[in-house]
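Now for the letters of each chain:
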Amino acid sequence: MELRQLEYFVAVAEERNFTRAAERVHISQSGVSAQIRQLERELGAELFDRSARTATLTVAGKAALEHARAALAAAGAVGQAVGEVTGLIRGGLTVGMVIGCTVTPLFDALAAFHRAHPGVEISLLEDNSDRLVEAVRAGIVDLALIGTATATPDGLDALTIISERLVVAVPAGHPLAKRRRVTLRDLAAHPIVCMPPGTGLRTVFDRACAAQSLQPTIALQANAADAIADLAVRGLGVAVLSDSMAASYRDRLTACTIDDVETPALLALIWKGTHNPAVRELLVHSRQAFTDETATGLRR
């Protein structure tokens, strides 16, 4: 009995079709059929009822299926265990990043990880924060950098990178420019330029407005802080940003703290467990990169 025979058996059982199973394991249908016939001879029982158009498990097949899956999982675990001991990590790692985020430390962490583990293929996916959270929960993304209003999204682990108050940023000559602090009610008199729904900063802002039954006019939305600042400079609205974002535009915009929004906007790394050794290793490099002084002035 060989592992490949068990792999083909599981593929046919799950696909309920020899042709689709062959496509899944990347060999010919005749090759799959021959290997399963050989497995049946070794076991002394037929595993599939082939009388219908779909391949259905016999009683013997049903009894064998979970054991076959367990054997394949155990074989995979052997390779992973040896790889961890020898420091050899292979496979793929999908990393998510919120759209419009310029995060040099994350790129530094990815570069350091790649140098240490060149056998791991890294994929980078940009999306809004809400969708990235769901992708991590579903196992589509291994680790993601998101903007959030919640320190640790339900069911996930998280490392907070930045926690900042919201501010408004306006050009010289704007009625709010001479004020050190403003309230949400003050903002309601002006059009707002901010990030779209699904981002952490927007979630903090919307929740704060809802708590006071305020409905400010969102004139324009953009994913990137640069775009929001440029629109505000041109007088198209009051920019709502985080403190460090606004600091990057102090030559063109004046920032004022929103006095009655105490909930901070967070930038956080999120993941779902560390059973994957590649995730554990990337977290090590990420913690190092984000605690380095180069992490100052992150923007999201």
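Cut-offs used in this document
Residues numbered from 1 in each chain as written. Predicted model: local features only at pLDDT ≥ 70, side-chain atom pairs only at ≥ 80, totals over all residues. Heavy atoms only, no water. Axes fitted to C-alpha atoms, helices over the stretch in contact; angles between N-to-C directions. Helix = DSSP H or I, 4+ residues; strand = E, 2+ residues; numbered from the N terminus. Parallel < 35°, antiparallel > 145°, perpendicular 65-115°, else oblique. Contact = heavy atoms within 4.5 Å. Nonpolar A, V, L, I, M, F, W, Y, C, P; charged D, E, K, R; others polar. Salt bridge = Lys/Arg side-chain N within 4 Å of Asp/Glu carboxyl O. Buried < 20%, exposed > 50% of the residue type's maximum accessible area, 1.4 Å probe, protein only. Pairing = 2+ DSSP bridges.

Undergrad: Before we move on, could you go through the packing of helix α2 (residues 18–25) against helix α3 (residues 29–43) and cite the residues and values that matter?
TA: Close contact between α2 and α3 brings their axes to 8 Å; oriented N to C, the two are set at 100 degrees. With respect to α3, the element α2 is oriented roughly perpendicular. Touching Phe18, Thr19, Ala22 and Val25 of α2 are Gln29, Val32, Ser33 and Ile36, all from α3. Class assignment of the residues belonging to the contact of α2 with α3 gives a composition of five nonpolar, three polar and no charged.

Undergrad: Before we move on, could you go through the pattern of salt bridges and cite the residues and values that matter?
TA: Per the stated rule, a full pass over the model turns up 15 salt bridges. Residue glutamate 15 pairs with arginine 20 through a salt bridge whose shortest N-O separation is 3.7 Å. Put simply, aspartate 127 and arginine 131 hold a salt bridge, and the shortest N to O gap is 2.6 Å. Judged by relative accessible area, which is 17%, aspartate 127 ranks as buried. In the salt-bridge network here, residues are joined through shared partners; they are Glu14, Glu15, Arg20, Arg24, Glu66 and Arg69.

Undergrad: So, the environment of leucine 220: which residues are in play, and what are the values?
TA: Checked against the element boundaries, leucine 220 lands in strand β10 (residues 218–221). Remark: the alpha-carbon pair of leucine 220 and leucine 143, spanning 77 residues in sequence, is separated by 30 Å. Ignoring sequence-local partners within four residues, the contact set of leucine 220 consists of Ile192, Val193, Cys194, Leu231 and Leu236.

Undergrad: Give a detailed account of the pairing of strand β7 (residues 166–170), specifying residues and quantitative values.
TA: For β7, the tally of buried residues reaches five of five residues, placing the bulk of the element in the interior. Of the strand pairs in this sheet, β7 and strand β11 (residues 238–242) are connected by four bridges, and their pairing is antiparallel. If you follow leucine 166 over to β11, its bridge partner there is serine 242. In this sheet, strand β12 (residues 254–258) lies alongside β7 in antiparallel orientation, the contact comprising four bridges. Bridged to valine 168 within β12 is cysteine 256.

Undergrad: Tell me about the environment of glycine 96, and name the residues and values.
TA: With respect to the secondary-structure elements, glycine 96 resides in strand β3 (residues 91–98). Glycine 96 gets classed as buried once you look at its relative accessible area, which sits at 0%. Taking the C-alpha atoms as reference, glycine 96 lies 34 Å from threonine 183; in sequence the two are 87 residues apart. Apart from residues lying up to four places away in sequence, glycine 96 is in contact with Leu125, Leu132, Val141, Leu143, Ala144 and Leu145.

The values are spatial; any link to function lies outside them.
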